[in-house]
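Here is what each chain is made of, one letter per residue.
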Amino acid sequence: MISILTVEYVTNMPMTFIVTSTAILFPLIWSVTKKRTETLREEFKTFCAALAKNSNNEVVLFISAGLLGSALKNTWIMQEFQSILNQIYDASYLFFMLAIIMIILVFTFIGVHQVVIVTALLIQMRPETMGTSSVVLALLFMLSWSISAVLSPVNPLNLIVSHMINRAGIISGARYNGLYLFFMTIIGCLYIYVLHLFMDGVI
């Protein structure tokens with residue numbers, strides 16, 4: 001994490017490129033320093049052989065999310081969403097944060113993956129027209145994603161955990177992690193709000 005953040009800060013390159021490069025370079029460095037290049041070669045062959053089969057779901061998910069987000073752009077329902085969110089933003093940034101969190105949470109509760117609803121909202125919303133910075137907006141969506149990932153009973157991670165402890169998804173998400181989510185939401189919203197005050201020139 002330190003190396004990724006340092007490279008991103010120094011070079012200003014896209015984070016996706018940095019993460020991908022790091023994922024390739026670190027095993028190479030490890031195999032050379034440990035003199036285990038043969039092990040790396042075997043693992044690479046295994047990875048390539050299983051790549052197509054194991055990546056089908058992820059590829060379909062992200063392609064579908066991007067396609068759906070593009071298809072929903074400027075539709076009447078997304079324009080209504082944008083209009084309502086702009087009105088909430090003008091009234092109170094705190095309510096705006098809570099509205100974003102609730103929208104993503106509600107959609108994930110009914111089975112819509114976060115990447116779909118977040119993509120649809122991000123394509124429609126433009127930080128510069130709203131008077132906010134992209135950094136603050138990105139942090140807000142990241143916080144919303146984290147909260148919904150824990151609470152949603154249909155989230156794959158929550159399904160795995162609930163299956164392991166033999167409890168319903170809503171119980172493992174809300175009851176066992178409720179206190180953690182409560183404090184995470186408060187601290188996250190306060191941090192984003194303070195960042196909004198400074199970065200967006202409110203104070």
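Everything quoted here is computed from the prediction, not taken from an experiment.

Here is what the cut-offs are and how they apply
Residues numbered from 1 in each chain as written. Predicted model: local features only at pLDDT ≥ 70, side-chain atom pairs only at ≥ 80, totals over all residues. Heavy atoms only, no water. pLDDT = per-residue confidence, 0-100. Helix = DSSP H or I, 4+ residues; strand = E, 2+ residues; numbered from the N terminus. Expected span 1.5 Å × (residues − 1). Buried < 20%, exposed > 50% of the residue type's maximum accessible area, 1.4 Å probe, protein only. Contact = heavy atoms within 4.5 Å. Polar contact = N/O pair within 3.5 Å; in protein donor to acceptor, adjacent residues only side chain to side chain. Phe/Tyr/Trp six-rings, centres within 6.5 Å; stacked < 30°, edge-to-face > 60°.

1. Details of the confidence of the model for the protein
Part 1 of the argument: Put simply, the protein has an average pLDDT of 80, and 88% of its residues get 70 or more.
Part 2 of the argument: Of all secondary-structure elements in the protein, the lowest mean pLDDT belongs to helix α11 (residues 169-175), at 66, while helix α6 (residues 93-109) reaches the highest, 87.

2. A look at α6
Part 1 of the argument: An ideal rise of 1.5 Å per residue puts 24 Å on 17 residues; α6 measures up with 24 Å between its terminal C-alpha atoms.
Part 2 of the argument: Taken together, the buried positions of α6 are Tyr93, Phe96, Met97, Ala99, Ile100, Ile101, Ile103, Ile104, Leu105 and Thr108.
Part 3 of the argument: For α6, the elements touching its buried residues are α5 (76-91), α7 (114-124), α8 (127-130), α9 (134-151) and α12 (178-199).
Part 4 of the argument: Two or three places before Leu94, at the opening of α6, Ser92 has a side-chain oxygen 3.3 Å from that residue's backbone nitrogen.
Part 5 of the argument: One or two positions beyond α6, positive phi appears at Gly111, with a value near 105 degrees.

3. Comments concerning the packing of aromatic side chains
Part 1 of the argument: Here the structure, examined in full by the defined rule, presents six aromatic pairs.
Part 2 of the argument: An angle of 55 degrees between the planes, with centres 6.4 Å apart, marks the rings of Phe81 and Phe107 as tilted. Taken together, the residues span a long stretch of sequence, with Phe81 in helix α5 and Phe107 in helix α6 at a distance of 26 residues.
Part 3 of the argument: Ring centres 5.6 Å apart and planes at 40 degrees place the aromatic pair Tyr93 and Phe96 in the tilted group. Separated by three residues within a single helix, Tyr93 and Phe96 lie in helix α6, roughly one turn from each other.
Part 4 of the argument: By relative accessible area, which is 6% here, Tyr93 ends up buried.
Part 5 of the argument: For Phe96, a relative accessible area of 0% gives the class buried.
Part 6 of the argument: By way of ring pairs, the aromatic residues Tyr89, Tyr93, Phe96 and Tyr193 are connected into one cluster.

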